[in-house]
Amino acid sequence: MLILGQDPYHKAGQAHGLSFSVRPGVAVPPSLRNVYKELAADLDVPPSRSGDLRGWAAQGVLLLNAVLTVREGKPGSHANRGWEDFTDATIRALNDRDERVVFLLWGGYARKKAELVTNPTHVVLEAGHPSPMNPRGFLGSRPFSATNKALADAGLPPIEWSRL
(Lines give C-alpha, C1' and ligand atoms only; values in the text may rest on other atoms or scores of the structure.)
Protein backbone atom coordinates (compact mmCIF):
# COMPACT_ATOMS: atom_id res chain seq x y z
CA MET A 1 0.00 0.00 0.00
CA LEU A 2 1.44 3.36 -1.05
CA ILE A 3 0.31 6.91 -0.41
CA LEU A 4 2.19 9.18 -2.79
CA GLY A 5 2.51 12.92 -2.33
CA GLN A 6 4.46 15.58 -4.19
CA ASP A 7 7.25 16.75 -1.91
CA PRO A 8 7.91 17.20 1.82
CA TYR A 9 6.33 19.94 3.88
CA HIS A 10 8.38 23.08 3.33
CA LYS A 11 8.12 24.79 6.71
CA ALA A 12 10.96 24.32 9.21
CA GLY A 13 10.53 21.30 11.48
CA GLN A 14 7.60 19.76 9.61
CA ALA A 15 9.02 17.08 7.30
CA HIS A 16 10.31 13.87 8.81
CA GLY A 17 10.53 11.35 6.00
CA LEU A 18 6.91 10.18 5.68
CA SER A 19 4.62 11.95 3.23
CA PHE A 20 1.86 13.97 4.92
CA SER A 21 3.20 13.08 8.39
CA VAL A 22 4.82 15.34 11.01
CA ARG A 23 6.64 14.48 14.21
CA PRO A 24 4.78 14.40 17.54
CA GLY A 25 4.37 17.88 18.94
CA VAL A 26 4.37 19.59 15.53
CA ALA A 27 1.08 21.28 14.61
CA VAL A 28 -1.02 19.29 12.15
CA PRO A 29 -0.56 20.96 8.72
CA PRO A 30 -3.62 22.01 6.71
CA SER A 31 -3.22 19.21 4.13
CA LEU A 32 -3.16 16.59 6.86
CA ARG A 33 -6.16 18.21 8.55
CA ASN A 34 -8.03 17.61 5.29
CA VAL A 35 -6.82 14.00 5.23
CA TYR A 36 -8.27 13.64 8.72
CA LYS A 37 -11.54 15.31 7.62
CA GLU A 38 -11.85 12.81 4.79
CA LEU A 39 -11.00 9.92 7.10
CA ALA A 40 -13.77 11.05 9.46
CA ALA A 41 -16.28 11.40 6.62
CA ASP A 42 -15.26 8.11 5.00
CA LEU A 43 -14.82 5.79 8.01
CA ASP A 44 -16.04 7.84 10.98
CA VAL A 45 -12.51 7.97 12.45
CA PRO A 46 -12.20 11.09 14.63
CA PRO A 47 -9.36 13.46 13.70
CA SER A 48 -6.16 12.87 15.60
CA ARG A 49 -4.45 15.64 17.54
CA SER A 50 -1.14 14.25 16.32
CA GLY A 51 0.11 14.46 12.77
CA ASP A 52 2.39 11.45 13.23
CA LEU A 53 1.40 8.75 10.73
CA ARG A 54 3.92 6.12 11.83
CA GLY A 55 1.00 3.91 12.91
CA TRP A 56 0.01 3.61 9.26
CA ALA A 57 3.61 2.95 8.22
CA ALA A 58 3.84 0.16 10.83
CA GLN A 59 0.97 -1.58 9.02
CA GLY A 60 2.78 -1.51 5.69
CA VAL A 61 1.62 1.83 4.30
CA LEU A 62 4.54 3.38 2.43
CA LEU A 63 4.20 7.15 2.83
CA LEU A 64 6.33 8.43 -0.03
CA ASN A 65 6.79 11.73 -1.80
CA ALA A 66 7.74 11.83 -5.49
CA VAL A 67 10.46 14.34 -4.54
CA LEU A 68 12.27 13.72 -1.26
CA THR A 69 13.68 17.15 -0.40
CA VAL A 70 12.57 20.76 -0.64
CA ARG A 71 14.06 24.17 0.08
CA GLU A 72 12.51 25.77 3.16
CA GLY A 73 9.56 27.91 2.17
CA LYS A 74 9.66 26.86 -1.50
CA PRO A 75 7.38 23.95 -2.39
CA GLY A 76 8.43 22.15 -5.55
CA SER A 77 11.91 23.65 -5.40
CA HIS A 78 13.71 20.31 -5.78
CA ALA A 79 11.50 18.85 -8.51
CA ASN A 80 13.29 17.56 -11.60
CA ARG A 81 16.63 17.25 -9.82
CA GLY A 82 16.89 13.48 -9.82
CA TRP A 83 14.65 12.37 -6.95
CA GLU A 84 12.00 11.22 -9.39
CA ASP A 85 14.40 8.60 -10.80
CA PHE A 86 14.65 7.04 -7.34
CA THR A 87 10.97 7.28 -6.44
CA ASP A 88 9.87 6.08 -9.89
CA ALA A 89 12.12 3.04 -9.39
CA THR A 90 10.39 2.45 -6.05
CA ILE A 91 6.97 2.58 -7.72
CA ARG A 92 8.17 0.20 -10.44
CA ALA A 93 9.49 -2.22 -7.80
CA LEU A 94 6.09 -2.19 -6.09
CA ASN A 95 4.44 -2.70 -9.48
CA ASP A 96 6.58 -5.83 -9.98
CA ARG A 97 5.14 -7.46 -6.84
CA ASP A 98 2.70 -10.34 -7.27
CA GLU A 99 0.67 -9.42 -4.17
CA ARG A 100 -1.83 -6.58 -4.61
CA VAL A 101 -0.59 -3.08 -3.89
CA VAL A 102 -3.04 -0.20 -3.59
CA PHE A 103 -1.55 3.05 -4.89
CA LEU A 104 -3.15 6.22 -3.50
CA LEU A 105 -2.00 9.09 -5.71
CA TRP A 106 -2.93 12.45 -4.22
CA GLY A 107 -2.46 15.57 -6.32
CA GLY A 108 -1.56 16.25 -9.93
CA TYR A 109 2.12 15.58 -9.47
CA ALA A 110 1.49 12.20 -7.84
CA ARG A 111 -1.25 11.28 -10.31
CA LYS A 112 1.24 11.44 -13.17
CA LYS A 113 2.83 8.32 -11.66
CA ALA A 114 -0.23 6.20 -12.48
CA GLU A 115 1.36 5.32 -15.81
CA LEU A 116 4.10 3.43 -13.92
CA VAL A 117 1.54 0.99 -12.50
CA THR A 118 0.94 -1.55 -15.25
CA ASN A 119 0.37 -4.77 -13.29
CA PRO A 120 -3.38 -5.58 -13.36
CA THR A 121 -3.12 -7.09 -9.87
CA HIS A 122 -2.76 -3.62 -8.39
CA VAL A 123 -5.31 -0.87 -7.79
CA VAL A 124 -4.67 2.82 -8.45
CA LEU A 125 -6.88 5.31 -6.61
CA GLU A 126 -6.42 8.92 -7.63
CA ALA A 127 -7.64 12.09 -5.97
CA GLY A 128 -6.81 15.75 -5.87
CA HIS A 129 -4.23 16.98 -3.41
CA PRO A 130 -5.62 17.37 0.13
CA SER A 131 -4.34 20.95 0.35
CA PRO A 132 -6.99 23.51 1.35
CA MET A 133 -5.80 25.47 -1.70
CA ASN A 134 -7.30 22.69 -3.84
CA PRO A 135 -10.99 23.62 -3.99
CA ARG A 136 -12.15 20.16 -5.04
CA GLY A 137 -10.95 16.70 -5.82
CA PHE A 138 -9.87 15.27 -2.47
CA LEU A 139 -12.70 15.72 0.00
CA GLY A 140 -15.38 13.19 -0.85
CA SER A 141 -12.98 10.82 -2.64
CA ARG A 142 -13.35 8.11 0.08
CA PRO A 143 -9.83 6.70 -0.40
CA PHE A 144 -9.69 4.86 2.92
CA SER A 145 -12.74 2.65 2.45
CA ALA A 146 -11.81 2.10 -1.22
CA THR A 147 -8.33 0.97 -0.16
CA ASN A 148 -9.71 -1.46 2.39
CA LYS A 149 -12.17 -2.85 -0.15
CA ALA A 150 -9.37 -3.37 -2.70
CA LEU A 151 -7.27 -5.13 -0.06
CA ALA A 152 -10.20 -7.31 1.05
CA ASP A 153 -10.99 -8.21 -2.57
CA ALA A 154 -7.45 -9.64 -2.77
CA GLY A 155 -7.80 -11.50 0.54
CA LEU A 156 -5.51 -9.07 2.36
CA PRO A 157 -6.14 -7.51 5.77
CA PRO A 158 -7.47 -3.96 5.89
CA ILE A 159 -5.51 -0.99 7.13
CA GLU A 160 -6.57 0.12 10.61
CA TRP A 161 -6.71 3.81 9.70
CA SER A 162 -7.53 4.79 13.30
CA ARG A 163 -4.14 3.42 14.39
CA LEU A 164 -1.96 6.51 14.38
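Here's what I pulled together on the structure shown here. (Residues numbered from 1 in each chain as written. Predicted model: local features only at pLDDT ≥ 70, side-chain atom pairs only at ≥ 80, totals over all residues. Heavy atoms only, no water.)

### A look at the sheet that holds strand β4 (residues 123-127)
Then step 1. One open sheet holds the four strands; their spatial order is β2-β1-β3-β4, and the pairing between them is parallel. With one partner strand each, in any of the chains shown, β2 (62-65) and β4 form the two edges of the open sheet. In this sheet, neighbouring strand axes are inclined to one another by 20° on average, regardless of whether the strands run parallel or antiparallel.
Then step 2. Direction of pairing for strand β3 (residues 102-106) relative to β4: parallel, over a ladder of five bridges. Bridged to V102 within β4 is V123.
Then step 3. Of the strands in this sheet, β1 (2-5), β2 and β3 are in contact with helix α3 (residues 83-95), which crosses β2 at around 145°. (Pairing = 2+ DSSP bridges. Helix = DSSP H or I, 4+ residues; strand = E, 2+ residues; numbered from the N terminus. Axes fitted to C-alpha atoms, helices over the stretch in contact; angles between N-to-C directions. Contact = heavy atoms within 4.5 Å.)

### What to know about helix α5 (residues 143-153)
Then step 1. Turning to α5, its buried residues are P143, F144, T147, N148, A150 and L151. When α5 is viewed along its axis, its buried side chains cluster within an angular range of 160° and face the same direction. Projecting away from the buried face of α5 at angles above 90 degrees are the exposed residues K149 and D153.
Then step 2. Buried-residue contacts for α5 involve α1 (30-43), α2 (54-57), β3 and β4.
Then step 3. Looking one or two places after α5, you find G155, whose phi comes out positive at around 75°. (Buried < 20%, exposed > 50% of the residue type's maximum accessible area, 1.4 Å probe, protein only. Arc of directions from axis to C-beta.)

### Re α1
Then step 1. Compared with an ideal rise of 1.5 Å per residue, which puts 14 residues at 20 Å, α1 spans 20 Å between its outermost C-alpha atoms and is within 8% of the ideal.
Then step 2. Residues S31, L32, N34, V35, Y36, E38, L39 and D42 constitute the buried set of α1.
Then step 3. Taken together, the buried residues of α1 touch α2, β3 and α5.
Then step 4. A positive phi of about 60° marks D44, the residue just after α1. (Expected span 1.5 Å × (residues − 1).)

On their own, these measurements won't tell you what the molecule is for.
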